[in-house]
Amino acid sequence: MVDVVGITFKNNQRIHYFLSSKLKLKKGITVIVEYDNRLEFGKVELENFEINEEKIEHLSNRVVRIATKEDYYKFKENEKDEKSALSYCKSLINKNNLNMIILDAHYTFDRQQLIFRFMSESRIDFRDLAKTLASKYKTRIELRQIGARDKAKEVSGCGQCGQVLCCARFLKDMDSVSINMAKNQNIALNPSKINGVCGRLLCCLKYEDENYKECRKCLPKIGSKEVTDKGEGKVISVDVLKKQYKVDVPNFGVVEVKK
């Protein structure tokens, strides 16, 4: 078992877990943490608790210290400079007609790295852009391309269910979701019903997909021919969860069959 705390960064609601370094940290306290080999400024959302170390992804991520006033002032100065860097980067993109949308700029706490995140429908050659940015800001530049689902994960929001987005709350891996999953569950293929706020298929379509596949194994397909005790007819509807279907039998009518 290891002692950890839950930390959030800026306005991001997603909680990241860090080794507490034996510090007793109350909710709301700001801290300096080591995160993926860089220093970041964060806020404690979950106080100290013990957890099996196998459930922690990166045991090297740890709390370095409780933030001081000087740390806070440096953090705010970084935020101010990030806005300036974002504006400058956008001007370079417009000047060079690059097909990319810059989302934000972020200085690591120690300013050893300046990270720009962007979205694009295609691959972008941004080598010249990175060189220009590096020459101006005298630090390591990273241009990180992210997708619409990754953006929703970072920004968060509410889904159709009224809950905070799954990707922002607990999903670690963004598994692929296919339109067949919606078809398996007899969901109307209406974009407003099956797409999330990111514009992509709902992640939750995958949650029960295996159950629906299992239930469908003993059920016929719509349009197929089936023999009932009232005669042979065509399958016109299927209720997967109830494991029953309806057959339209000529000269008799609709017959409901339960498996």
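Further up the page is the structure itself.
Residues numbered from 1 in each chain as written. Predicted model: local features only at pLDDT ≥ 70, side-chain atom pairs only at ≥ 80, totals over all residues. Heavy atoms only, no water.

Draft legend 1. Representation of unusual backbone geometry within the structure. The phi torsion at Arg111 lies on the positive side, around 60 degrees, for a residue other than glycine. Here Arg111 is to be found in the loop between strand 6 (101-107) and strand 7 (113-119). For Lys138, which is not glycine, the phi dihedral falls at a positive 55 degrees. On the secondary structure map, Lys138 appears in the loop between helix 2 (127-137) and strand 8 (140-145). (Helix = DSSP H or I, 4+ residues; strand = E, 2+ residues; numbered from the N terminus.)

Draft legend 2. Layout of the nonpolar core. Counting residues in each nonpolar core, the largest one holds 19 residues, and the members touching the most others are Ile102, Leu114, Phe116, Leu129 and Leu133. When residues of this core are traced back to their parent elements, those giving at least two are helix 1 (69-95), strand 6, strand 7, helix 2 and strand 8. Among the elements that make up this core, the one with the highest residue count is helix 1 (five residues). The residues contacting Ile102, other than those within four sequence positions of it, are Leu86, Cys89, Lys90, Ile93, Phe116, Arg117, Phe118 and Leu143. Residues Cys215, Val240, Val247 and Val255 belong to the second largest nonpolar core, which totals eleven residues. (Core = buried A, V, L, I, M, F, W, Y, C linked by side-chain atoms within 4.5 Å. Buried < 20%, exposed > 50% of the residue type's maximum accessible area, 1.4 Å probe, protein only. Contact = heavy atoms within 4.5 Å.)

Draft legend 3. Just the pattern of salt bridges, in detail. Per the counting criterion, the structure on display carries twelve salt bridges. One salt bridge in this structure joins Lys217 and Glu214, with 3.2 Å as the shortest N-O distance. (Salt bridge = Lys/Arg side-chain N within 4 Å of Asp/Glu carboxyl O.)

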